[in-house]
Amino acid sequence: MSTTNRSNTNSLPFLLTGIPGLEDLHMWISIPFCFTYIMTLLGNSMVLLTVRLDKSLHEPMYYFISMLAVIDLIFSTAVVPKMLGVFWLDSREIGFETCFIQMFFIHTFTAVESGVLLAMSFDRYIAICNPLRYSTILTSSRTIQIGLLSLARGAGVMTPLMCLLTSLPYCKTRVIPHSYCEHMAVVELACADPSVSDLYSLIVATLLVGTDSVFITFSYGMILRSVMRLPSHEARLKALRTCGSHISIILLFYIGGLLSMYLQMFSFGLAPHVQVLVADFYLTVPPMLNPLIYGIKMKQIQEGIFKLLRQLARLSISQAD
């Protein structure tokens, strides 16, 4: 294909199908996705506001939780509004550049979240295994640097992938059988060999997820070993409760991500709409559940939210008077 024809073809928009085979049910399917998005916005915004206003939460662990809340907000906003546009308004068209920008945000912030989860495991390791040096090792400025490093790592490894994908000619069809610009669904539309981009994405995913998960497992293994040596039963329970919320989020993130990825790679005889729904729920449900897990598992966050709600209630009453 000539360079001019390729450029003309790649300037055309893509068309999202939503949930293949369930187009007649889009209005009903949109209800849980709309609900999860509203809860995601409310829950994560509440966590951010609580950590911002409560000075007792100005500690590295809560800064990392705030980073997760920001990631969840960006992650959901990159996907759900367009998804609801497809479901509600049949607004299926998405520009060529917009499609890859959406894909970039999805993959970049997936990598960033993995880095933040690794940092949180390191935070808990220092707090439990070496508590006397915690305040000197993990300062506020160092915590922010870790967050920025995770962002730079995610953007750095995903930028070459986007360059590889956008350089491919897309001339088979413009229809993406998905609710968003899912990587594998888009690559299948290319009429050139995508083996280089496939190899790069496989290597990056394996190295990022593999390295992070190994270090996270090691950190929590050392934490569990130290916790079991604590003389007080109450101290052991407190340490386990603190780590419990982190482990729940880690399992939700990695197990959900692997399940979604393997279902996209191998159909296992499942209908296409099942694969798409699993991928959609992976992108929308964890961002909603993360702040709920903090509120249930972490007493400090829970107390901070209640304090904030009481302040807002008093403010509204005083304004009414």
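Fair warning: this is a prediction, and the values are worked out from it, not measured in the lab.

J.: Hey, could you run me through unusual backbone geometry in this one?
T.: Phi is mostly negative for residues that are not glycine, and the peptide bonds are mostly trans. In this model, Asp90 sits at a positive phi of 55 degrees, which is unusual for a non-glycine residue. Counting through the fold element by element, Asp90 comes out in the loop between α3 (60-89) and β2 (93-94). The class of Asp90 is exposed, set by a relative accessible area of 54%.

J.: For this particular structure, what's the right way to read the environment of His246?
T.: Checked against the element boundaries, His246 lands in helix α9 (residues 233-265). Residue His246 is classed as buried on the basis of its relative accessible area of 2%. A sequence separation of 47 residues divides His246 from Ile293, and the C-alpha atoms of the two residues are 8.7 Å apart.

J.: How should I be thinking about the packing of helix α2 (residues 26-53) against α3 in this particular structure?
T.: Between two packed helices, what matters for the description is the angle formed by their axes and the separation of those axes. Orientation of α2 relative to α3, taken along the N-to-C sense of each, is 155 degrees, at an axis distance of 9 Å. On the basis of the axis angle, α2 is roughly antiparallel to α3. In this structure, the crossing between α2 and α3 has a hand that is left-handed. The class makeup of the residues in the contact of α2 with α3 is 21 nonpolar, eight polar and one charged.

J.: I would appreciate a short explanation of the side chain of Thr40 in the present structure.
T.: The residue Thr40 is located in helix α2 in this model. A polar atom in the side chain of Thr40 sits 2.7 Å from the backbone oxygen of Thr36. Setting aside residues up to four positions removed in sequence, Thr40 forms contacts with Ser45, Asp72, Leu73, Ser76, Thr284, Pro287 and Met288.

J.: I'm lost on the pattern of salt bridges in this one. Help?
T.: Where side chains of opposite charge bring their charged atoms close, a pairing between them can arise. All told, the structure shown has three salt bridges when counted by the stated rule. For Asp123, the salt bridge goes to Arg124, with nearest N and O atoms at 2.8 Å. Between Asp212 and Arg153 there is a salt bridge, with the nearest N and O atoms lying 2.9 Å from each other. Of this pair, Asp212 sits in helix α8 (residues 195-228) while Arg153 is found in helix α6 (residues 140-166), placing the two residues 59 residues apart along the sequence.

J.: How should the environment of Leu89 be read in this particular structure?
T.: Within the fold, Leu89 resides in helix α3. Judged by its relative accessible area of 69%, Leu89 falls in the exposed class. For the pair Leu89 and Met27, spaced 62 residues apart in the sequence, the C-alpha separation amounts to 9.3 Å.

J.: Would you take a moment to explain the sheet that holds β2 for this structure?
T.: Strand pairs in the sheet, formed through backbone hydrogen bonds, run parallel or antiparallel to each other. Pairing is mixed in the open sheet, where three strands are placed in the order β2-β1-β3. One side of each edge strand has no neighbouring strand; the edge strands of this open sheet are β2 and β3 (175-176). One ladder, built from two bridges, connects strand β1 (residues 14-16) with β3; its direction is parallel. Pairing of Leu15 across the sheet is with Val175, part of β3.

J.: Which parts of the structure should I look at to understand the nonpolar core?
T.: For soluble globular proteins, nonpolar side chains are generally found buried alongside one another. Residues Phe14, Leu117, Leu165, Tyr170 and Ile176 are the most contacted members of the largest nonpolar core, which totals 77 residues. Tallying contributions element by element places α3 first for this core, with 15 residues. Excluding residues that lie within four positions of it along the chain, Leu165 makes contacts with Phe100, Met103, Tyr170, His183, Val187 and Ser197.

J.: Looking at this model, I keep getting lost on the state of the cysteines. Mind explaining?
T.: Formally, a disulfide is one covalent bond, and it connects the sulfur atom of one cysteine to the sulfur atom of another. As enumerated under the stated definition, the model contains two disulfides in all. In this model Cys99 forms its disulfide with Cys181; the gap between the sulfur atoms is 2.0 Å. Classification of the bridge connecting Cys99 and Cys181 rests on its S-S torsion, roughly -130 degrees, and on that basis the disulfide is left-handed. One end of the pair, Cys99, is in helix α4 (residues 96-129); the other, Cys181, is in the loop between β3 and α7 (183-187), with 82 residues separating them in the sequence.

J.: I would appreciate a short explanation of α2 in the present structure.
T.: Counted at 1.5 Å a residue, the expected span for α2 with its 28 residues is 40 Å, and the 40 Å between its end C-alpha atoms agrees. Residues of α2 that are buried include every one of His26, Ile29, Ser30, Phe33, Cys34, Thr36, Tyr37, Thr40, Asn44, Val47, Thr50 and Val51, and no others.

J.: Where do I start with the packing of aromatic side chains in this structure?
T.: Two descriptors summarise a pair of aromatic rings, namely the distance from one centre to the other and the angle between the planes of the rings. In the structure shown here, the tally under the stated rule is eleven aromatic pairs. Geometrically, the ring pair formed by Phe14 and Phe100 is edge-to-face, given 6.3 Å between the ring centres and 65 degrees between the ring planes. Of this pair, Phe14 sits in strand β1 while Phe100 sits in helix α4, and the two are 86 residues apart along the sequence. You'll find Phe14 and Phe100 in the same group, each marked buried. Ring geometry for Phe104 and Phe105: centres 6.2 Å apart, planes at 85 degrees, overall edge-to-face. A relative accessible area of 33% places Phe105 in the partly exposed class.

J.: Could you clarify how one ought to interpret the packing of α4 against α6 in this entry?
T.: It is the contact of α4 with α6, at a shortest axis distance of 8 Å, that shows an interaxial angle of 145 degrees. Note on packing geometry: the crossing formed by α4 with α6 is right-handed. Class assignment for the residues of the contact of α4 with α6 results in 15 nonpolar, eight polar and one charged.

What counts and what doesn't
Residues numbered from 1 in each chain as written. Predicted model: local features only at pLDDT ≥ 70, side-chain atom pairs only at ≥ 80, totals over all residues. Heavy atoms only, no water. Helix = DSSP H or I, 4+ residues; strand = E, 2+ residues; numbered from the N terminus. Buried < 20%, exposed > 50% of the residue type's maximum accessible area, 1.4 Å probe, protein only. Axes fitted to C-alpha atoms, helices over the stretch in contact; angles between N-to-C directions. Parallel < 35°, antiparallel > 145°, perpendicular 65-115°, else oblique. Left-handed = near helix turned anticlockwise from the far one by under 90°. Nonpolar A, V, L, I, M, F, W, Y, C, P; charged D, E, K, R; others polar. Polar contact = N/O pair within 3.5 Å; in protein donor to acceptor, adjacent residues only side chain to side chain. Contact = heavy atoms within 4.5 Å. Salt bridge = Lys/Arg side-chain N within 4 Å of Asp/Glu carboxyl O. Pairing = 2+ DSSP bridges. Core = buried A, V, L, I, M, F, W, Y, C linked by side-chain atoms within 4.5 Å. Disulfide = S-S within 2.5 Å. Expected span 1.5 Å × (residues − 1). Phe/Tyr/Trp six-rings, centres within 6.5 Å; stacked < 30°, edge-to-face > 60°.

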